[in-house]
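# Architecture at a glance
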Amino acid sequence: MEQPHDYDEMNRKPLRVTINSPKRLLSSTVTPSQPPSVLPDELLTEILLRLPAKLLLRLRCVCRSWRTLISSPNFAKEHVQRSIAAGPSLSGPRVAYHHSWEYKHNTFGDISLGSLFENPSEPPEVVFFEERRHHEIIGSCNGLLCLHEGVDTLNNHVMLWNPCTGLTSHSLKICGFIWISGFGHDHVNDVYKLVTNVYQKQTIPHTSATRIYTFCQNPSIRQMQDIPFRSIYGDGKGVFVPGTATLNWIRQHGARDFMVLSLDLGNETFSEFSLPPKDPDNKTFFFPHLCVLRNCLAVCFNHEKTYWSVWLMEEYGVPESWTKLVTIPRHPRLAVDHLWPLYIWGNNVLVTVASSEKRVLYNLDNESFEFPVLKPTTTTLSLSTGLEFHIYHESLVSPSFGGFRGSSSRIRLIKD
């Protein structure tokens, strides 16, 4: 298989310095008879940590020492932490999308989030990937996507994929029908974990079991008890909040009351806390949707088909810290839609997806709407029905675990 974002290395050209290039690392007065000045290792590392992941993949070819540095797990970990904190200029946020499981297509679409803003009148370029079987995305974390294969069967497999490097892990087999899931990073123990609630159809009476899978040198599977997953609201996919080591779901209490169910991946315990208070002028809201905005837990409400409200939890786990970010008025093109926020670009543009598959940019300052379109495609990945969208940040983090090296043979780049 080709490595999706490493394919340019096979046909790479010598690096050139152009008039519009960034400042040079070496002095411009160096002559062939004069050896170039050598940067201290600490300074070189600091410079490389400030570069985007895609560029670093190309710079591995400069020399052996650079390749060793850039390929090290510690460098990848430090780089992704800085990238996400620094914002879109370094992290290269992208949107991966695919059909929901009932459509059974095996193609992924992938676009740069920034391309939606560079030239709004032109559809952004879409990169397509194809796998041998249908997958859906459970979640993303530190540049890794957790993919679920065999969505509607009892023979499930899960693997990790880094779209930036093109590497995948080997698969984990999961027996049973997965109906609740979540993927995230336990930074306390520095491991990635998958949480599943598996419906075991083969048992009589039918039962379910909650398990935690740990991706590490010695992969483990543990069963958990007493997590109230039966009343989870929505698609069942937990939302990972960076820096908290938590997965979060909305749990329904009664007909109109909802709580956040939080699972701590570090100590593997759960807790609950309340959503924002209801609007006193409009006490009814529908379809609450959890997401992450500005690295904080966020929720979007649909209020009686009159407006949407988006709230941020500024201090995780503290209900009093819920702060309203914006109230979005109804738009004629979104008359019956639900909104699913994805990202805040800069300080003032909320990127969302509507239930009608529209991409929506809402300006928080002037309250304007834009509806960017994607480039039409002739592949099986239709842009009109059954799509799910996921934000991820480009990184160098390896998806390998259990002593196995990352594989590049599962997912291939395709051209439409």
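Residues numbered from 1 in each chain as written. Predicted model: local features only at pLDDT ≥ 70, side-chain atom pairs only at ≥ 80, totals over all residues. Heavy atoms only, no water.

## Brief notes about the sheet that holds strand β22 (residues 339-345)
Spatial strand order, β22-β23-β24-β25: 4 strands in an open sheet with antiparallel pairing. The sheet terminates laterally at β22 and β25 (369-370), the two strands that pair on one side only. Where β22 and strand β23 (residues 349-354) come together, 6 bridges link them in antiparallel fashion. Bridge assignment links P341 to a residue of β23, and that residue is T352. (Pairing = 2+ DSSP bridges. Helix = DSSP H or I, 4+ residues; strand = E, 2+ residues; numbered from the N terminus.)

## Section: the packing of aromatic side chains
Evaluation of the coordinates by the stated rule reveals 7 aromatic pairs. Here the aromatic rings of Y343 and W345 are separated by 6.3 Å at their centres, their planes lie at 55 degrees, and the arrangement is tilted. With relative accessibility at 22%, the residue W345 sits in the partly exposed group. Taken together through their ring pairs, the aromatic side chains of F183, Y192 and F215 make up a single cluster. For R333, the ring lying beneath its charged end belongs to F371, and the centroid distance is 4.1 Å. (Phe/Tyr/Trp six-rings, centres within 6.5 Å; stacked < 30°, edge-to-face > 60°. Buried < 20%, exposed > 50% of the residue type's maximum accessible area, 1.4 Å probe, protein only. Lys NZ or Arg CZ within 6 Å of the ring centre and 35° of its normal.)

## Considerations on helix α1 (residues 41-49)
Within the sequence span of α1, burial applies to L44, L48 and L49. For α1, the arc enclosing every buried residue in end-on projection is 135 degrees, short of the 170-degree limit, so these residues lie on one face. (Arc of directions from axis to C-beta.)

## Some words on the pattern of salt bridges
All chains considered together, the criterion is met by 12 salt bridges. Across the salt bridge formed by E136 and K237, the nearest N and O atoms sit 3.4 Å from each other. In this pair, E136 sits in strand β4 (residues 135-141) while K237 sits in the loop between β13 (232-233) and β14 (239-241), placing the two residues 101 residues apart along the sequence. Overall, K237 belongs to the buried group, its relative accessible area being 12%. A salt bridge links K193 to E268; the shortest N-O distance between them is 3.0 Å. Of the two residues, K193 sits in strand β10 (residues 191-200) while E268 sits in the loop between β16 (257-264) and β17 (269-274), which places them 75 residues apart along the sequence. Within the structure, one salt-bridge network assembled from shared partners comprises E46, R50, E78 and R82. (Salt bridge = Lys/Arg side-chain N within 4 Å of Asp/Glu carboxyl O.)

## Description of helix α4 (residues 73-86)
Residues spaced three or four apart along an α-helix point in a common direction, a consequence of the helix completing one turn every 3.6 residues. Its 14 residues give α4 an end-to-end C-alpha distance of 20 Å, which sits within 8% of 20 Å, the value for a rise of 1.5 Å per residue. Within the span of α4, buried status applies to F75, A76, H79, V80, S83 and I84. Down the axis of α4, the smallest arc covering the buried residues is 150 degrees, so these residues share one side. Facing away from the buried side of α4 by more than 90 degrees, the exposed set consists of N74 and A85. (Expected span 1.5 Å × (residues − 1).)

## Observations regarding the side chain of T165
Mapped onto the elements of the fold, T165 is located in the loop between β6 (155-162) and β7 (167-168). When its relative accessible area of 7% is taken as the criterion, T165 is described as buried. A distance of 3.4 Å separates a polar side-chain atom of T165 from the backbone nitrogen of L167. (Polar contact = N/O pair within 3.5 Å; in protein donor to acceptor, adjacent residues only side chain to side chain.)

## Some points on the confidence of the model for the protein chain
Predicted confidence across the protein chain gives a mean pLDDT of 77, with 72% of residues reaching 70 or more. Here strand β27 (residues 411-414) stands out as the least confident element of the protein chain, with mean pLDDT 47; β14 is the most confident, with 95. In this model residues 1-36 is a low-confidence stretch, pLDDT under 50, and it forms 44 contacts with partners more than four residues away in sequence or in other chains. (pLDDT = per-residue confidence, 0-100. Contact = heavy atoms within 4.5 Å.)

## Some details on the nonpolar core
Within the largest apolar cluster, 31 residues are counted, with the highest numbers of intra-cluster contacts made by F183, L194, V195, F215, F229 and W249. For this core, the element with the highest residue contribution is β10, accounting for 4 residues. Counting residues in hydrophobic clusters, the runner-up holds 19 residues, among them W308, L312, I328 and L334. (Core = buried A, V, L, I, M, F, W, Y, C linked by side-chain atoms within 4.5 Å.)

## Some points on the packing of α1 against α4
Contact geometry of α1 with α4 gives a least axis separation of 10 Å together with a crossing angle of 50 degrees. Overall, the two elements α1 and α4 adopt an arrangement that is oblique. Of the residues in α4, those touching α1 at T45, E46, L48 and L49 are F75, E78, H79 and R82. Among the residues making up the contact of α1 with α4, the classes are represented as 3 nonpolar, 2 polar and 3 charged. (Axes fitted to C-alpha atoms, helices over the stretch in contact; angles between N-to-C directions. Parallel < 35°, antiparallel > 145°, perpendicular 65-115°, else oblique. Nonpolar A, V, L, I, M, F, W, Y, C, P; charged D, E, K, R; others polar.)

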